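In case you want the letters, here they are:
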Amino acid sequence: MKNSIKRLTYPKVVFCAVLLGFNAAAEANYLSPTALAATTDGKMLFVVCAMANKVKVLDAADRKVLTTIATPHPPLGLALSPDGTRLFVTCAAPESKVCIVDIARRKIVETISVGHTAQAPVVSPDGKTLFVCNQFNNDVSVIDLAAKREVCRIAVQREPVAADITKDGKYLLVANHLHSGRADVEDVAAVVSVIDVIAGKVIKELRLPSGSEILKNIRVSPDGKYAAVTHIFASFGRAATQVRQGWMNANAMTILDLLEMKVRYTLLLDDPTRGAANPWGLAWSADGKTLAVTHAGTHEVSLINFPALLAGMPLDSGKVYSTKKNKPVLSFVSHYEGLDEGLPFLTGARQRVKLPPGDFGPRAVVVVGDTVYTANYFSDTLSAIDLHSPEHLVQSISLGQKVLADGHLADCPKGMVRKGEFYFNDATICQGGWQSCSSCHPGDARVDGLNWDLINDGIGNPKNTRSLLLAHKTPPAMFLGVRTNAEAAVRAGINFILFTKQPEAVASSIDEYLKSLKPVPSPHLEHGKFSQAAKRGEKLFSKAGCVDCHVPGLYTDLRSHDVGTRAAYDGATDKFYTPTLIEVWRTAPYLHNGSAATIRDVLTTSNNGNQHGDTSELSKQEIDDLCEYLLSL
Ligand code: HEC
Ligand code: HEC
């Protein structure tokens, strides 16, 4: 763990808008709401629309859009100042902006430069400081709101995507999306970084149970005693022979005890026979009695009775699960088998509410009085759910054009891409609603950093999840090339990972979506250009013979090789297809079995006898330069 505060010296340079992954359909007028906030009096709602570069302001009483504010880049997050006068909107780009909106005047009055793909803004309780997660810099910007500038950065683990602050303003809790480290070990889990705000550094890392990945949101309870974190609970150690009962991916929430600053309990949000895939947003009611969780994959919201959940939690959670092993110890799976370790109490402590027909992909959520609002990414709607009416009356609020049942607009030229994005994130095409493609390929079809023992190449030989960027351009698919091409892999994924049959149109739209993905510019670039170190590394890339196989362009020769990386689980003659190196900065850990935590490991400890390029003669400086080059691609 390293904590560092970097003083920033680089000048402000305005970058052209890069559509960070939001390439699917920007020109097609999709809104794609991703974050929500409400004024404390509950009268106004604010929704950021990531694909439209807009913030919509709604009147909560008549549920109509009052005004729309344009943003310079895709807005991913928003927060209100404690006095309710200003709105902070994070607009994501390689050099993101925080836009400060004067709510009375409904316009942007100030912009502040922050890091790569900024999101999850959090204001300190005294209203003086703003914190912003820079997902691809792996750090948090600290902004002095009086001076209106970033004063420092605090390094966290990997891809911070959500944060919240304790009520006393002392600790900022940051959810890291993915784990850092190798994948071929028993304990693989992402952490919550605890930042001491005064000291300006990480003082603790709260490690979730092994298998906890794809953290999405974190929220402190109104009484300040707890925080809840949504995430996936992956049983990556098992052969992927079925999907039922969370055999592969279960969907979880971890409760943190903030008084003792420790992990208190992890529980599954699924039901024994029905998954509740892709838990995303979290929000508490003001009285702390209801905790609302969105399920982006099954288009539902869980309304959890938090006091009942607390009452059901064992006092010593350490006995309930082991954090060392990836066992389904905290699941109903054991409950099902007659053991008493399950979580039967959640059944009585939670209601699963379906969104109204036509509302899909709930991500953000807020609770205003007795109403839960969800922002639905794929339908461009909000759903309003009444907490206290018996049937939880649900109403759909349109933000723009009418979107079809599979998430795309009628007559839209980009419809196939959007449809594919929808199915890729849709767990209702999975048997039992347990997982979607994005449960392992999150963040626009990239990686979860885990090894999975898929059955496509036999059992007992786990492989690290591959990014699907460029998959359709680099046949064959899979490390062992067991699928002729990505098209075949997509169809096999539906049949043998989601365990369903789907019309061909589902698979072909997923193909179109995956083909539309564009690389995100590396955070290692300096204002979009190679650094001096990367330029030196580029020369070494040729000198060390890397170009023979990683041919510049796609950075692969589309062939398989033995580069000395076979390990205990691999077949004696296994050879692996050369992977592309584009966006390799984002896809750790490396090699077919995730055994190299860093690029440096690939080039040093994992390169036996120069079988994988001539690296043994390189000086430390040269290795640094070569790494910098690779990380810039
Ligand atoms: C349980 C985790 C998991 C889920 C869910 C999952 N994948 Fe994968 N996917 C993987 C892993 C692991 C690999 C690499 C396997 C290998 O190389 O043998 C992979 C590889 C692929 C590849 C090949 C990429 C390449 O360039 O070689 C494609 C295409 C793909 N997945 C598509 C999908 C689609 C589409 C879905 C949903 C229908 C999906 N995946 C669901 C884990 C998953
Ligand atoms: C003989 C062909 C060949 C040469 C030469 C070669 N590579 Fe590779 N490279 C591969 C193959 C094959 C893999 C996949 C190995 C595995 O997964 O176990 C790979 C994997 C990698 C990875 C990991 C990518 C990932 O996503 O997991 C990196 C980084 C890499 N190579 C960089 C280099 C560099 C730098 C050089 C030159 C020093 C180099 N390679 C030389 C074939 C080659």
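Everything numeric here is computed off the predicted structure, so don't read it as measured data.

Enquirer: How would you summarise the overall build of the chain if you had to cite specific residues and measurements?
Expert: Along the backbone of the chain there are ten helices and 33 strands. The C-alpha atoms of the chain give a radius of gyration of 23 Å, which matches the 26 Å a tight globule of 633 residues would have. Seen along its three principal axes, the alpha-carbon backbone of the chain occupies a region of about 65 × 60 × 55 Å. Per-residue burial over the chain gives 61% buried out of 633 residues. The contacts of the chain with a sequence gap of at least 6 include a subset with a gap of at least 24, amounting to 55%. Accessible area of the chain: about 24400 Å², with a carbon and sulfur share of 53%. Here the chain contributes 66 positively and 64 negatively charged side chains, and the mean placements of these two sets differ by 3 Å.

Enquirer: Could you give an account of the site of ligand 2, with specific residues and numbers?
Expert: With respect to spatial proximity, 23 residues lie near ligand 2, and among them Cys-546, Cys-549, His-550, Thr-565 and His-612 are the closest. Within the backbone of Leu-591, one N or O atom sits 2.8 Å away from an oxygen atom of ligand 2. With three residues, helix α9 (residues 599–603) is the single largest residue contributor to the shell around ligand 2.

Enquirer: Please give an account of the domain arrangement of the chain that cites residues and values.
Expert: In terms of domains, the chain is made up of domain 1 (419–515) and domain 2 (532–632). Placing a centre on the C-alpha atoms of domain 1 and another on those of domain 2 gives a separation of 25 Å. Taken residue by residue, the interface counts 22 residues in domain 1 and 21 residues in domain 2. At the boundary of domain 1 with domain 2, the tally comes to one salt bridge. Residue composition of the side of domain 1 that touches domain 2, by class: nine nonpolar, nine polar and four charged.

Enquirer: Talk me through the site of ligand 1; I want residue IDs and the actual numbers.
Expert: Taken together, 26 residues form the shell around ligand 1, and within it Cys-437, Cys-440, His-441, Met-478 and Phe-479 come nearest. His-441 has a polar side-chain atom sitting 2.9 Å from a nitrogen atom of ligand 1. In the model, an oxygen atom of ligand 1 is placed 2.6 Å from a nitrogen or oxygen of the Met-478 main chain. The set of elements that each furnish at least two residues to the shell around ligand 1 consists of β31 (463–464) and α6 (486–496). By residue number, the principal contributor to the shell around ligand 1 is α6, which donates five residues. The residue inventory of the shell around ligand 1, partitioned by class, reads 17 nonpolar, six polar and three charged.

Procedures and definitions
Residues numbered from 1 in each chain as written. Chains lettered and ligands numbered in written order. Predicted model: local features only at pLDDT ≥ 70, side-chain atom pairs only at ≥ 80, totals over all residues. Heavy atoms only, no water. Helix = DSSP H or I, 4+ residues; strand = E, 2+ residues; numbered from the N terminus. Rg over C-alpha atoms; globule rule 2.2 N^0.38 Å. Buried < 20%, exposed > 50% of the residue type's maximum accessible area, 1.4 Å probe, protein only. Contact = heavy atoms within 4.5 Å. Areas by Shrake-Rupley, 256 points an atom, 1.4 Å probe, with all protein chains shown as cover. Lys, Arg positive; Asp, Glu negative; His and termini not counted. Charge placed at Lys NZ, Arg CZ, Asp CG, Glu CD. Near = heavy atom within 4 Å. Polar contact = N/O pair within 3.5 Å; in protein donor to acceptor, adjacent residues only side chain to side chain. Domains from an automatic or database assignment. Salt bridge = Lys/Arg side-chain N within 4 Å of Asp/Glu carboxyl O. Nonpolar A, V, L, I, M, F, W, Y, C, P; charged D, E, K, R; others polar.

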